[in-house]
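Given next are the chains, with one letter for each unit.
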Amino acid sequence: MDCGRGMFCPFCGKHMNSLTRFCFTCGRCLEFLKDADQTETLETQGTSRQLDTVLSKNNPCPSYKQFMEYRSSKSKERQSFNYGPKGRSKPKERKQVQINVGLMGPHGTDGTDLKPLRGKTLPLFTDPEVAAPDLLKQAVQKMRTFNKDMHEGPYVLLYPDCSEVVLVPGSERSFKLAEYKKEIGKAYSRITFFICLEKHYKREYDTSDSDSDSEIAITTRSTAEFNRADTLVFEPQNRSTPKYKLEDERDAPGQSSTIQPGQIVISDAEDLDPPETNPEKTSCYSKYTDLYSPNVEQEDEEPVAVNVKNFQHTAIEETDITLPDIVANLSLPIDHKKVSRFNISRANVWDGAVRGFKRTTYSETCDMLVKFTDDTGVLEEGIDTGGPRREFLTLLMKHLKDRPIFDGPEGHRFLVYNANAVREDEYYLAGKMIAVSVVHGGPGPHFLSEDLVHYLAGQPSFKATNNLITDEEIGKALQEIENAASLDALQECMMRHSTMLQTAGCLRHVATVEEKKEIVSDYLQWYIIDRNSSVIDRFRDGLSTLEFLNALQQHPTLLAPVLCHSERRLTAFELESLFKPDLSPSGSNRRLKESQTMAYWADYLLDCEEGQAAVSVEDVLMFATGLSSLPPSGLEPLPQIEFLDDSAFPMANTCSNSLRLPLLDSYPLFKSQMDFGIQNSPGFGCF
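A. Layout of the overall build of the protein chain. Assigned secondary structure in the protein chain consists of 27 helices and 20 strands. Expressed as a percentage of the 687 residues in the protein chain, the buried residues total 42%. The contacts of the protein chain with a sequence gap of at least 6 include a subset with a gap of at least 24, amounting to 66%. Just so you have it, the protein chain exposes about 37900 Å², and 51% of that area is on carbon and sulfur atoms.

Here's what the structure looks like:
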C-alpha cells in the first residue's frame, strides 16, 4: 500500500521504495496492488459514486499498526471457518508401501541350518503401521498365492539374520514396520522379511555328536525363569574334549558354566591349539573358557541353532554373487517347451515387436521363436541359444531409445509424458521389453539416465546437471541462475524466470547466493522425475516382469550398469579371448595355415578397434553372435572359431556362436574379405 511514505508488503510488512511484481522478502505476488493504484486514480477523478462517497468522508490512510490488526482479525476469521460437518471429516488414507517377503528353509547336509530359498522372494504391499502378527498373515497369504506347494504351517516371521520379528531391533518397542524402516534407514522397497516353518525354527539340535562344525546354540528362557535362576550353575552332561586336553583337566572338579538367557556356547574342539604350538593356551585358559562362555542377549528370539560356517558362506555368497547368476535365477520360470512366436522385418523391428508382445497368446515365461521375414527362403528360428532371438532383442533395444517416450541426450535418456504413448500403454510395454530382453539372454538398453535408474532402484542419489535438459530456453534459464554471482543478481534472475520456477514449485525467498545450487537441483528433480511420476510408475510395472525390478532393487550395483550408458567399449583383446579356436592336430599342414589365420584374426581385431577397418569390434561380435555387446546372462554356448577351405569369405552360425574364418595366403586379402563379408551380411552372415 502507498500512503505517500513509500510502499510496504501487505503480507510481511516489508517496506519498499517502489512497487515490484514480487516481494523480495516473502516472495508473494504484488500484482494486485497495481489495481489498487488504478482505483486511487479513479478516486481522484470521481468516476465512481462509491469512491466519491469514500472521498467525501476524508478518511485518512490507515497506519501500519491498523493494517496489522486488521490482518490478525482476518486470520482468526479464516481459522474459524468450518469446512464440513464437525467431527465427520474423512480420515486421510495411508498409502501402502512395498516391501519384500521370502522363504527360509533348512539347508546343509544335516538340514540344521536356516537359509533363504532362492527365487522365492515376492513383493508385498502393506500398511506402514502394520504389526508383526498382521504382517506374518499377509506374508503367508502372499506366499501361498504364488506357491501351491506351501506347507500348512504354522509359520514365524524372521529378520534376515534369522531372528524372530517381535520387537524393533535395539529397543523394547513392539514391532511396527514404519519404526523398523526408520531404525534401519532403508527404503521400504529394500526391506526384506522371511517366513519359516515354526518346527524348523524351534528345532533343537544335539551338538554333542558334531565333531566337524563349530555351532552356536542360542537358548532363551522366560523372564520369570530368568529372574529365579539367573545365577544357576549348569553342568553339561556331554562336553566336547579338545584333542590335546590333558586327562587331569578333563577330570578337574568345579568345571562349570553359567547359563543365561541368550547364552551362546561355542565349542573349542577345533579352535584350541596344542600346548606345544601355543603355550599361552594352558589348562588355566581352558578352565577360564569353560567357566566364562561368551553371552549374547537375544530378547526377542525363540531357541534356534545356527551354524557358524553357514553364516560365513551366506555372507560370501551375497558379496560374490555375479551378474550371470542373478539373470540365471530370474530365468528359472521360463518354460523352454513352449514358445511365443515373433515375425520380424528388419526394416520395421518396432512394429513386429509390438505385435508379438501384445498377442493374446504371448507369455514372458515361454521361450521366444523369432523369424525374420526378410530372409527369403530361410527359416531362422531362435530357441534357447538362438541367434535370431539375440539379434531381434539387440535391434529392439536400439529402436527403443529413439521412441518419443524418452528425452535427453544420447546415453542419458529419461522418461517424458506423451499422451499418445499413454493411450497405447507404451510405457508398460517398454519396461516389459527391457526385462524380457535381459532375462531371455539379450542385451540391456544401455541408454537410461543414472538418476532415473537410481530412482527405480529405490536409491536416493540424484546428480543430474543442466546438460540433460534438451529445451534450450529452460537450459539457458537454469544456466543463468547457476552463474549468478551475487544475491541481487540471483533474485533478479529468479524474478525474470519466476513463471518457470513457480510451475516446478521452486520459487521461494533466497537469503544467500549459495542457494542457487539447491534451486537448480530441485528444478531438475521435478523436470526429470516428479512431473513424469505417473508414466514412470507405469514403466516400473513393466520392469516388474519376471521379477526384474525386484532384482534391480536388491542388486543395484550389478544391474544398474545394464540399464545405464557406459563409456567403456568392447576391446579387441576381450573379443580375441572370447573366441576359442578349433585347431587341427599339431604338426599337420592344416595346423600351420590355421595358426597363420589366427595371427591375421588378431591383427584384424586390432584394426577394427583402432578404426583401420571398415567395421568395428561390435560389428564383428554382432556378425558372429547376433549381439553388439556382451549380454548380462553371458554367452552360451561359448563362442568358437572354425576354419574354411571352400570359401573366401567369413561365415557365422549365431545359434552355436561359431565364426568360420577363411584360410587365405595374405593379410591384406584376409582383411578385405572379412570387411566385405561382414558388411554385406543381414546380421547373420552367410550359410
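B. How the structure looks around the packing of aromatic side chains. Applying the stated rule across the entire model yields 20 aromatic pairs. Summarising the aromatic geometry, the rings of Tyr159 and Tyr180 are spaced 5.1 Å apart at their centres and angled 35 degrees between planes, so their arrangement reads as tilted. Here the residue Tyr159 occupies a position in the loop between β6 (155–158) and α5 (177–184), and Tyr180 occupies one in helix α5, the gap between them amounting to 21 residues. Both rings, one in Phe649 and one in Phe676, keep their centres 5.3 Å apart while their planes meet at 40 degrees; by these two values the pair is tilted. With Phe649 in the loop between β18 (640–644) and β19 (651–653) and Phe676 in helix α27 (residues 667–679), the pair connects residues that are 27 residues apart, well separated along the chain. Residue Phe649 is classed as partly exposed on the basis of its relative accessible area of 31%. You can call Phe676 partly exposed: its relative accessible area is 45%. Feature note: the residues Tyr159, Phe175, Tyr180 and Phe193 constitute an aromatic cluster, connected by ring pairs. Here the basic side chain of Arg531 rests over the ring of Trp526, its NZ or CZ set 6.0 Å away from the ring centre.

C. Focus on the environment of Pro632. Residue placement: Pro632 occurs in the loop between α26 (617–625) and β18. For Pro632, a relative accessible area of 7% corresponds to the buried category. With 73 residues separating them along the chain, Pro632 and Leu559 place their C-alpha atoms 8.5 Å apart. Excluding residues that lie within four positions of it along the chain, Pro632 makes contacts with Leu323, Pro324, Val327, Val438, Gly442, Pro443, Gly444 and Val562.

D. Structural context of the side chain of Lys671. Structurally, the position occupied by Lys671 is in helix α27. Given a relative accessible area of 19%, Lys671 falls into the buried group. Of note is the side chain of Lys671, whose polar atom sits 2.8 Å from the backbone oxygen of Gln612. Among all residues touching Lys671, those that are not within four sequence positions of it are Tyr604, Asp607, Gln612 and Ala613.

E. Representation of the nonpolar core. In this structure, Phe357, Phe392, Met433, Tyr523 and Phe539 are the most contacted members of the largest nonpolar core, which totals 82 residues. Of all the elements, helix α15 (residues 426–439) adds the most residues to this core, at nine residues.

F. Up close: helix α20 (residues 515–528). If you check α20, its first and last C-alpha atoms are 20 Å apart, about what 14 residues at 1.5 Å a residue would give, namely 20 Å. Along α20, the residues classified as buried are Glu515, Lys516, Ile519, Val520, Tyr523, Leu524, Tyr527 and Ile528. Summarising the contacts, the buried residues of α20 are in contact with β15 (406–407), β16 (414–415), α17 (472–482), α18 (487–496), α19 (498–503) and α21 (533–543).

G. Fine view of the pairing of strand β20 (residues 658–662). Summarising burial for β20: four of the five residues are buried, a large majority. Alignment of β18 against β20, held across five bridges, turns out to be parallel. Bridging from a neighbouring strand, Gln640 pairs with Ser658 of β20. Note: β19 against β20, three bridges, orientation antiparallel. What sits directly across from Ala652, in β20, is Leu659.

H. Inspection of the sheet that holds β20 at higher detail. The sheet built from four strands is open, its strands ordered β17-β18-β20-β19 with mixed pairing. Of all the strands in the sheet, the pair left with one neighbour each is β17 (580–581) and β19. Docked against the sheet, helix α25 (residues 589–610) engages β17, β18 and β20, running at close to 120 degrees with respect to β18.

I. The pattern of salt bridges, seen in detail. Following the criterion strictly, the structure yields 23 salt bridges and no others. The closest approach of N and O atoms between Arg496 and Glu492, which form a salt bridge, is 2.5 Å. Of the two residues, Arg496 and Glu492 both sit in helix α18, four residues apart, roughly one turn of that helix. Each of Arg173, Glu179 and Glu183 takes part in one network of salt bridges that share partners.

J. Up close: the packing of α25 against α27. In contact at an axis separation of 10 Å, α25 and α27 are set at 60 degrees when each is read in the N-to-C sense. In this view, α25 runs oblique relative to α27, as classed from their interaxial angle. The handedness of the crossing between α25 and α27 is right-handed. Seen from α25, the contacting residues are Thr597, Tyr600, Trp601, Asp603, Tyr604 and Asp607; seen from α27, they are Tyr667, Phe670, Lys671, Met674, Asp675 and Ile678. Of the residues assigned to the contact of α25 with α27, the class counts are seven nonpolar, one polar and four charged.

K. Spatial organisation of the pairing of strand β7 (residues 192–197). Of all six residues in β7, six are buried, a share of seventy percent or more. Taken together, the four bridges between strand β3 (residues 97–107) and β7 define a ladder with parallel strand orientation. Residue Leu103 lies in a different strand from β7, and its bridge partner there is Ile195. Strand direction decides the pairing type here: β6 and β7, joined by four bridges, are antiparallel. In the sheet register, Leu158 faces β7, and the bridge partner there is Phe194.

L. Representation of α18 in the model. Where α18 is concerned, the buried positions are Leu490, Gln491, Cys493 and Met494. Viewed along the axis of α18, the buried residues span an arc of 165 degrees, placing them on a single side of the element.

M. Representation of the environment of Met150 in the model. Its place among the elements puts Met150 in the loop between α4 (132–146) and β6. Residue Met150 is classed as buried on the basis of its relative accessible area of 15%. Taking the C-alpha atoms as reference points, Met150 and Leu197, separated by 47 residues in sequence, lie 9.9 Å from one another. Excluding anything up to four places from it in sequence, Met150 contacts Leu103, Met143, Arg144, Tyr155 and Ile195.

N. Geometry of the environment of Gly475. Mapped onto the secondary structure, Gly475 falls in helix α17. Judged by its relative accessible area of 15%, Gly475 is buried. Linking Gly475 and Thr465, residues ten residues apart in sequence, is a C-alpha distance of 9.8 Å.

O. Representation of unusual backbone geometry within the structure. The backbone phi angle of His446 is positive, close to 55 degrees, even though this residue is not glycine. For His446, a relative accessible area of 29% translates into the label partly exposed. A positive phi angle, near 60 degrees, is found at Glu547, a position not held by glycine. Position of Glu547 relative to the elements: it lies in the loop between α21 and α22 (548–554). When its relative accessible area of 29% is taken as the criterion, Glu547 is described as partly exposed.

Parameters at a glance
- Every chain begins its residue count from 1, and numbering advances along the sequence as written.
- Owing to the predicted nature of the model, reporting of local features is limited to residues with pLDDT of at least 70; listing and counting of side-chain atom pairs is limited to 80 or more, with chain, interface and lining totals taken over all residues.
- The side-chain numbers reported here are obtained from all heavy atoms of the structure, hydrogens and water having been left aside.
- Starting at the N terminus, helices and strands are each numbered in turn, a helix being any DSSP run of H or I of at least four residues and a strand any DSSP run of E of at least two.
- For each residue, the accessible area found with a 1.4 Å probe, counting protein chains only, is set against the maximum for its type, and the residue is called buried under 20%, exposed over 50%, and partly exposed in between.
- Here a residue-residue contact requires only that any non-hydrogen atoms of the pair lie within 4.5 Å.
- Computed with the Shrake-Rupley method and a 1.4 Å probe, the accessible areas treat only the protein chains shown as cover for residues.
- Two rings belonging to Phe, Tyr or Trp (six-membered ring only in the last case) form a pair when the distance between their centres is within 6.5 Å. Interplanar angles under 30 degrees mark stacking, angles over 60 mark edge-to-face geometry, and anything in between is tilted.
- Distance and angle both matter: a charge sits over a ring if NZ of Lys or CZ of Arg is within 6 Å of the ring centre and within 35 degrees of the ring normal.
- Nitrogen and oxygen atoms within 3.5 Å of one another constitute a polar contact, given that in protein one can donate a hydrogen and the other can accept it, and given that sequence-neighbouring residues count only through two side-chain atoms.
- Residues enter a nonpolar core if they are buried and are Ala, Val, Leu, Ile, Met, Phe, Trp, Tyr or Cys, with the set joined through side-chain atoms within 4.5 Å.
- The span you would expect from a helix comes to 1.5 Å times its residue count less one.
- For two strands to be treated as a pair, DSSP must find at least two bridges joining them.
- Note on geometry: axes are C-alpha line fits, over the in-contact stretch for helices, and angles between N-to-C directions span 0 to 180 degrees.
- Salt bridges are defined by distance alone: a side-chain nitrogen of Lys or Arg within 4 Å of a carboxyl oxygen of Asp or Glu.
- The cut-offs work like this: below 35 degrees is roughly parallel, past 145 is roughly antiparallel, 65 to 115 is roughly perpendicular, and the gaps in between are oblique.
- Helix crossings are classified by the rotation of the near helix relative to the far one: an anticlockwise turn of less than a right angle makes the crossing left-handed, while a clockwise turn makes it right-handed.
- Each residue receives one of three labels: charged for Asp, Glu, Lys and Arg, nonpolar for Ala, Val, Leu, Ile, Met, Phe, Trp, Tyr, Cys and Pro, and polar for the others, Gly being one of them.
- Throughout, the arc means that of the directions going from the helix axis to the C-beta atoms.

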